[in-house]
Every structure is written in C-alpha cells, then in structure tokens.
Number of protein chains: 2
Amino acid sequence: MSSSGPQAGSKVAFAPILVADIGGTNARFALITDYCSSSNAFAIDHQHTFPSCEFKSFEDAVDAYLSQVNAISITRACLAVAGPVKGEEVTLTNLGWQFNVNQLKARFGFANLQVINDFAAFAYAAPYLNERDNICVKQGIAQAHANIAVFGPGTGFGAACLVRSQGQQAVMSCEAGHISLAPVTELDRQLHNVLREDLQHVSVENVFAGPGIARLYRAMAKVHGKQVEDIDAAQIAALAENKQCMIADRTLNHFCDWLGSVAGDIALSFGALGGVFIGGGILPRMQQRLLNSRFNERFIAKGVMSQYNSQIPVTLVCQEHIPFIGAAACIHQGYQSVSQMGSPTGSPTGQGD
Amino acid sequence: MSSSGPQAGSKVAFAPILVADIGGTNARFALITDYCSSSNAFAIDHQHTFPSCEFKSFEDAVDAYLSQVNAISITRACLAVAGPVKGEEVTLTNLGWQFNVNQLKARFGFANLQVINDFAAFAYAAPYLNERDNICVKQGIAQAHANIAVFGPGTGFGAACLVRSQGQQAVMSCEAGHISLAPVTELDRQLHNVLREDLQHVSVENVFAGPGIARLYRAMAKVHGKQVEDIDAAQIAALAENKQCMIADRTLNHFCDWLGSVAGDIALSFGALGGVFIGGGILPRMQQRLLNSRFNERFIAKGVMSQYNSQIPVTLVCQEHIPFIGAAACIHQGYQSVSQMGSPTGSPTGQGD
C-alpha cells in the first residue's frame, strides 16, 4: 500500500477521538490521537475495558473511563455498539442502557458524536486493516477507491458496505442477513427443503450464524436419514474436530461451501470490487476448514459474472480492535472528506493501493 | 415534502450543468441551470435528442449539442450511460464509442466531469422525484436521510442505492441483478427446478428482465405440463392482455409476485428505510397487474424482518427525464456536501421529509 497524505510516512497528530466498543459483556474505551500514513494505522492509546454490568447507564461507563484519562479534553467521539442504531435514540437491549445522542453530546461537551453499529465500524475500518494480521481466503486485485463489503456470521449475520464513488463515500448499514437464502446445489436444495419445514422464511441468518449451525446440523442429519441429538454449535464443532461425527463434519464443511455462494452474492449486491472482508465470531475459529472448502469455487460460480467475482479478494479478518479502528476512521474520514472533496476518495489510502 | 434550503421556496440559480443520457438508440442532452426548493425540482432546459448512430464518437455528439447552445459556457457535466462504468475508460459497446474521462475533460474544458451508469443516475435522482408523476405500489413512511434503493427489470436487471449515513452520502453501483435467485414458495421451487435445467447459475436477471419473461413463460408451461411456442416478452404480454393464454397470464402474475420477494431482499440488503423505487422498461407497462399482484405480501414476508419491510414505501417510477435529474443531482449534491458537511445529509431535501 502507498500513502497519499501530505506528510507520507509520518505521523499526523490530531485532537483525540474517544472511541468505544460497547457489547453485552464488555464496554471498551480508547483514545485515538494520531494516524501514521506509512503504516496506514491509527495509534490506539489509553485502552480500558470495563464489565458492562458494572454500570447502570452508558453515561456512567463514559464517566468511569473519562476519570481514567482526566487530563485530556475530548470533543470528538464515536461509539460502535453491537445492535441496531436508529436515529438519535440508542437502546442496548441486553444491558437495559438507553441514551439520546444529542443529550449525550451536551452532557459530555462533544462537538462531534457518532454512534454506529459494529458492522458499520467494520466497514469504516476495512481500508486500515493490516494484511499481515489477517488471512487471505481468496486472492484477487482490490480496485482502489471501489466499494468494500464486510460481513460475518456470529450470534447473527451482520453485513455492511463502505461505498466509494464520484469522490464521495458513505457506509451502508443494512439487514442483508435477513434476505431469503438461495439454494444453489442439489444438497443446498435438499437442506433448504428440510429447513423450511420449521421456518416460515428461510433467511441467510437462519443458517449462517451460531444458532444456524445447529439448525443446519439437524437438517444435514435428516437429509442423510440419521438421528442426531439437539446440540449447539460449540458441541458440533467439537464433534467435527475430533472426527467423532460424520454429520457434524459435513455440516461445517457445507457451512463453508454454501457461505461461498452467499458471499459471492454479497460481493455482487454491493459491487465490492474493493474487496470482501469476513468477520464475526465463527470463522476465525475454523480457518483451515474454510480454506479447504469450496468457498472460492462457489464465490465465483455466478454465471456471466464469474469473471467479475474472480478478481475480488476475500480476507478473513482476525485482527483485534476493529471497532476502535472503525470508530476512529468514521470521525477521521468525515473530517478529511471536507478537505479532500473532489479527490477520488476521502480515505487516506484506498484498499489495494 | 418540506424544503430545507436557505431560500426555501425560491429558485437557486447556478452555473449550468451539462447532463446527458446516452443509450444505444438516442443521445439526449440538456442543461440544468437552477434548482427550485419549493418544488424540489431541477429546471431542465435546452433539451436535444440525437440518434446515437449519427455520430462516430461521443465527442462528436457533444460537439453537435454544444453547437446548439453556443452562447453558454459550461464547466460541469455529468453523463449517464446505459452500461457499466469502470474507472477512467468508458466503452459503449453497442455504439462502438470509447472515451477517456480525463481526455474528455481536457477536450471540452470541463472542470468537473462525472460519468455514471443509468441506475446510479436513478439513485441520485430518487430524492428529487415528484410523487404525482409516479405510482405508489406499497404505502409506508420513508425515513428522512436514510438509504434509498432503486432497481428495475428491463433489458437486464439494474439496481443501485443512495447511501446516506453519518452526514455523508454516496451512490452504490452494483451487480445485484446477478445474485442467485431464491425460490420462496412451492411454485417458485418448481419453476426454479425447471430453470436450472438450462442455466448453470439461476440469477435474478435470468427471470426479472425481458428475456427472463420468455424463460419464465417456458418454465411455467413445463410446470403445468403444457406445450408453448418460443415467443418473446411482448408476445407474451399481448397474449396475457387478451386473455388468450392462461400460461402467459400466470407467467406475468407470478413475475409480479416473485418480484415482491426479490424487492424485499433488495430493501434488506441496502437497508432502504428511505424507500424503494422501481424503474426499468417493463413494469410501467403492466402497472395494474403489479398493483393487483402479491408483490406487497411477498415484499413483507421476511420472518423477523417483516415489520422492518412493512414500513418501507415502494414507488413505481413513470416520471420522465430520470437520467437528467440524476446527473444534475450527482453534480449539485457533490458541490453541496462540502458546504453542508456535518448536517445529516448533503441533499437539499431528504426523501420523506
């Protein structure tokens, strides 16, 4: 990657950005105070992790953090939250936390406060990821300044897109995990037929998420005429790893195979010539299975668009601190895009430069 | 719709924007010189249409137009072309025209020149459409400053999204017509099984486009155990309108029904709480059939996301000059987004304000 900043290779210091990664278990905070163009990385300082359950409200958690970094005055903040963000009112259902963005701004004296969901943060982070920390699933050539798709199976199936065109950029948050799941192969169709016995609507997330693995396992057993116990994804993974259960092994292999078709559709739907990045909690734990699977073959098998998808690189993201990086990028790029208006992108360096 | 410009209700004049709509048959040109905030409309002046085949190159067509509007100096232009736009080199295969964006800028002295595809233009145009000229397919409440999805079956199946978030906006061009088609109902599955006999990959566009109607007609006949002749979409439409062929009638009804599921997936994939707009050459000619179909029912039938899709309005766009409006908006909004940075959107009025 090349750098395009005015001081290539050097650190650009700026007023600190408060970043937070708010999940059901932990509330993580950090300060971002500079971006280094030679490493294309933000410096993440003053990290603190608090158990979310220690606080009655989000404001209390921010107070606890700010008391740790007392000397530093902060006017810009971006919070990545594991849950949907709709307008000014943010509700974190798991924690019973609720806040209004404008009231939070006033309370802490933030001039700029953004609240984004965790997959939006992933999309903002994508141009700043470090190749060495992540795993190449499919080789390809990322087009500079083109759209980047991110998705990941975890508790649910999240997805988002960093859209870049006509010198503008914006992150598209979406509900792509809830679209109707398309069967492609004969085995897909057999599994789909079993899945729809129990589901009014068979969505991508019904299969490509933790609970979906258990559902796919039961469907796989039925297709093979086998009886299986009602076990969860972790138990299925253990059975598969120990070669104790052919159905578990086939389930996880087919999970990776079919995900290739789903990922190929995401690449097409988002016009992701800038690359596809996979996150979520499930796949980093089954890297080798993913790499040995038919993921790439099925990613490309899109008729007249096979050539289009062939060129797109797919990366499995294992790097830490993605929500911090994305939150920093959200603020930093919004700031930059004013000064860089008219250039192909507001991002300091495009993926694949 | 309310207006939010500094001179609400008044015309805002600006330096003329040259807009063009370049198709295989016609090259259309116009000048946009003002935006009226009370009507939320651009004035389209000096329209000229030339048969594309009259010119050996795109430059010749621009020369012909500029000779008609000699007195006006033009420094900004946006061209909407029916075909993919990749980087600086633009090729219009049907016409044998090819040009380089930077060379075109230099040749005509344009300070700003954008080349966008026709569905990107449709997405840029969406916030400026006139409710009275278009048809409400599904009622709903468009969220202000949220993403807007556009798509349309025609010669192919085009789609794009106007993405608006964190005070930024950008248009996502994509290949969503080429994703794998998901069967949802039992009849979908039967048709899908027939379609895959002839197709390596059954995509959305394989059904939801002109040639797709003929394909769906043959599949519908096979599912019903009937023999039919190999006729095209226009012939099928004529048979259906005259009630001469039950298979033709069912084909077009099912086209509208199944399209509801596809449109619902597009709304989810693009997080289109700002609304869905349908264009393309096919549906404006079968409005009544679309309105009588199960489109809305299937648009909403998305399991846990049914409530999400319920709120999204769907509009069939019959209004003229969409490429001109979109081309004007592309230039006008890009300019505005610098001055309005930090506001929820760079668009003068958000859809659903």
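Please refer to the structure placed before this passage.
Quick caveat: nothing in here was measured; it's all calculated off a predicted structure.

Some words on the overall build of chain A
Now for step 1: The number of helices and strands found in chain A is 12 helices and 13 strands.
Now for step 2: Here chain A has a C-alpha radius of gyration of 21 Å; the compact-globule value for 353 residues is 20 Å, and the two agree.
Now for step 3: C-alpha extents for chain A along the principal axes are approximately 65 × 45 × 35 Å.
Now for step 4: With 353 residues in all, chain A has 58% of them scored as buried.
Now for step 5: Within chain A, contacts between residues at least 6 apart in sequence are counted, and of these 70% link residues at least 24 apart.
Now for step 6: As presented, chain A carries roughly 14,100 Å² of accessible surface, and 48% of it is formed by carbon and sulfur atoms.
Now for step 7: Looking at chain A, you have 23 positive and 28 negative side-chain charges, and the mean spots of the two groups are 5 Å apart.

What about the interface of chain B and chain A?
Now for step 1: Across the contact, 48 residues belong to chain B and 48 residues belong to chain A.
Now for step 2: Around 3,800 Å² of area is buried between chain B and chain A when both sides are counted, 58% of it from carbon and sulfur atoms.
Now for step 3: Of all residues in chain B, the largest losses of buried area upon contact with chain A belong to B:Gln166, B:Gln168 and B:Ser269, amounting jointly to 15% of the total for that side.
Now for step 4: On the surface where chain B and chain A come into contact, there are two salt bridges.
Now for step 5: B:Arg196 is paired through a salt bridge with A:Glu186; the nearest N and O atoms lie 3.4 Å apart.

Quick notes on the sheet that holds strand β8 (residues 135-138) of chain B
All names here are of chain B.
Now for step 1: Taken in spatial order, the six strands line up as β8-β13-β12-β9-β10-β11 in an open sheet, and their pairing is mixed. Edge positions in the open sheet fall to β8 and β11 (168-173), since each of these has one partner strand only. For this sheet, the mean inter-axis angle between neighbouring strands, taken without regard to orientation, is 20°.
Now for step 2: In this sheet, β11 lies alongside strand β10 (residues 157-165) in antiparallel orientation, the contact comprising six bridges. Its bridge partner being in β11, cysteine 161 is matched across the sheet by methionine 172.

Focus: helix α4 (residues 186-198) of chain A
Now for step 1: Taken residue by residue, α4(A) has A:Asp188, A:Arg189, A:Leu191, A:His192, A:Val194 and A:Leu195 as its buried positions.
Now for step 2: Structurally, α4(A) contributes buried residues whose contacts are with α5 (204-207), α6 (210-223), α8 (246-269) and α10 (295-300) of chain A together with α4 (186-198) of chain B.

What to know about the sheet that holds strand β3 (residues 41-51) of chain A
Residues and elements named next belong to chain A.
Now for step 1: Within the open sheet, the five strands sit side by side as β3-β2-β1-β4-β7. Their pairing is mixed. The sheet is open, and its two edges are formed by β3 and β7 (112-117), each paired on a single side. Recorded for the sheet is a direction-independent mean angle of 20° between the axes of neighbouring strands.
Now for step 2: In the sheet, strand β1 (residues 11-22) pairs with strand β2 (residues 26-36) via nine bridges, with the strands oriented antiparallel. Directly across from valine 19, in β2, lies its bridge partner alanine 30.
Now for step 3: Sheet strands in contact with helix α2 (residues 101-108) are β4 (76-81) and β7, and its direction is about 140° off that of β7.

Looking at the relation of the copies chain B and chain A
Now for step 1: Superposing chain B onto chain A requires a rotation of 180° together with a translation of 0.0 Å along the rotation axis, leaving an RMSD of 0.0 Å. On the angle and the small slide along the axis, the relation comes out as a two-fold axis. No C-alpha of chain B lies nearer the rotation axis than that of B:Ala182, which sits 2.0 Å from it.

Considerations on the nonpolar core
Now for step 1: Residues A:Met172, A:Phe208, A:Phe270, B:Phe208 and B:Phe270 are the most contacted members of the largest nonpolar core, which totals 126 residues.
Now for step 2: Setting aside anything within four residues of it in sequence, one finds B:Phe270 in contact with A:Met172, A:Ser173, A:Cys174, A:Ser269, B:Asn147, B:Ala149, B:Ala159, B:Ala160, B:Cys161, B:Met172, B:Cys174 and B:Ala176.

Remarks on the packing of aromatic side chains
Both the distance between ring centres and the angle between the ring planes are used here to describe each pair of aromatic rings.
Now for step 1: All told, the structure shown has 30 aromatic pairs over all chains when counted by the stated rule.
Now for step 2: Between B:Phe151 and B:Phe157 the ring centres are 5.5 Å apart and the planes differ by 15°, which places this aromatic pair in the stacked class.
Now for step 3: Residue class for B:Phe151 comes out buried when judged on its relative accessible area of 0%.
Now for step 4: Taken together through their ring pairs, the aromatic side chains of A:Phe29, A:Phe50, A:Phe55, A:Phe58, A:Tyr65, A:Trp97 and A:Phe99 make up a single cluster.

Structural notes on helix α6 (residues 210-223) of chain B
All names here are of chain B.
Now for step 1: Over its 14 residues, α6 extends 20 Å from the first C-alpha to the last, a length consistent with the 20 Å expected when each residue adds 1.5 Å.
Now for step 2: Buried within α6 are the following residues: Gly210, Gly212, Ile213, Ala214, Leu216, Tyr217, Ala219, Met220 and Ala221.
Now for step 3: Packed against the buried residues of α6 are α4, α5 (204-207), α7 (233-241) and α8 (246-269).
Now for step 4: Residue glycine 225 follows α6 closely and has a positive phi angle near 65°.

Comments concerning the pattern of salt bridges
Residues and elements named next belong to chain B.
Now for step 1: In this structure the tally under the stated criterion is 23 salt bridges over all chains.
Now for step 2: The salt bridge partner of aspartate 63 is arginine 107, with a shortest N-O separation of 2.6 Å. Residue aspartate 63 is located in helix α1 (residues 58-66), and its partner arginine 107 is located in helix α2 (residues 101-108); the two are separated by 44 residues in the primary sequence.
Now for step 3: Assessed through its relative accessible area of 31%, aspartate 63 is described here as partly exposed.
Now for step 4: In this structure, the salt-bridge partner of arginine 298 is aspartate 188, at a minimum N-O distance of 2.4 Å. With arginine 298 in helix α10 (residues 295-300) and aspartate 188 in helix α4, this pair connects stretches of sequence that are 110 residues apart. The same class applies to arginine 298 and to aspartate 188, which are both buried.

Considerations on the environment of B:Gln287
All names here are of chain B.
Now for step 1: As for its placement among the helices and strands, glutamine 287 is situated in helix α9 (residues 287-292).
Now for step 2: Overall, the relative accessible area of 29% leaves glutamine 287 in the partly exposed class.
Now for step 3: Spatially, the C-alpha atom of glutamine 287 lies 8.4 Å from that of isoleucine 135, the residues being 152 residues apart in sequence.
Now for step 4: Dropping the residues within four chain positions of it, glutamine 287 is found in contact with Ile135, Leu316 and Cys318.

Here we look at the environment of B:Ser180
Now for step 1: Relative to the elements of secondary structure, B:Ser180 occurs in the loop between β11 and α4.
Now for step 2: Relative accessible area serves as the criterion here: at 6%, B:Ser180 is assigned to the buried category.
Now for step 3: Aside from chain neighbours lying at most four places away, what touches B:Ser180 is A:Ala182, A:Val184, A:Asp265, A:Lys302, B:His201, B:Val202 and B:Ser203.
Now for step 4: Here A:Lys302 takes part through its side chain, which lies 2.9 Å from a polar atom of the side chain of B:Ser180.

Basis of the calculations
- Residues numbered from 1 in each chain as written.
- Chains lettered and ligands numbered in written order.
- Predicted model: local features only at pLDDT ≥ 70, side-chain atom pairs only at ≥ 80, totals over all residues.
- Heavy atoms only, no water.
- Helix = DSSP H or I, 4+ residues; strand = E, 2+ residues; numbered from the N terminus.
- Rg over C-alpha atoms; globule rule 2.2 N^0.38 Å.
- Buried < 20%, exposed > 50% of the residue type's maximum accessible area, 1.4 Å probe, protein only.
- Contact = heavy atoms within 4.5 Å.
- Areas by Shrake-Rupley, 256 points an atom, 1.4 Å probe, with all protein chains shown as cover.
- Lys, Arg positive; Asp, Glu negative; His and termini not counted.
- Charge placed at Lys NZ, Arg CZ, Asp CG, Glu CD.
- Buried area = accessible area lost by both parts, 1.4 Å probe.
- Salt bridge = Lys/Arg side-chain N within 4 Å of Asp/Glu carboxyl O.
- Pairing = 2+ DSSP bridges.
- Axes fitted to C-alpha atoms, helices over the stretch in contact; angles between N-to-C directions.
- Least-squares fit on C-alpha atoms with pLDDT ≥ 70 in both.
- Core = buried A, V, L, I, M, F, W, Y, C linked by side-chain atoms within 4.5 Å.
- Phe/Tyr/Trp six-rings, centres within 6.5 Å; stacked < 30°, edge-to-face > 60°.
- Expected span 1.5 Å × (residues − 1).
- Polar contact = N/O pair within 3.5 Å; in protein donor to acceptor, adjacent residues only side chain to side chain.

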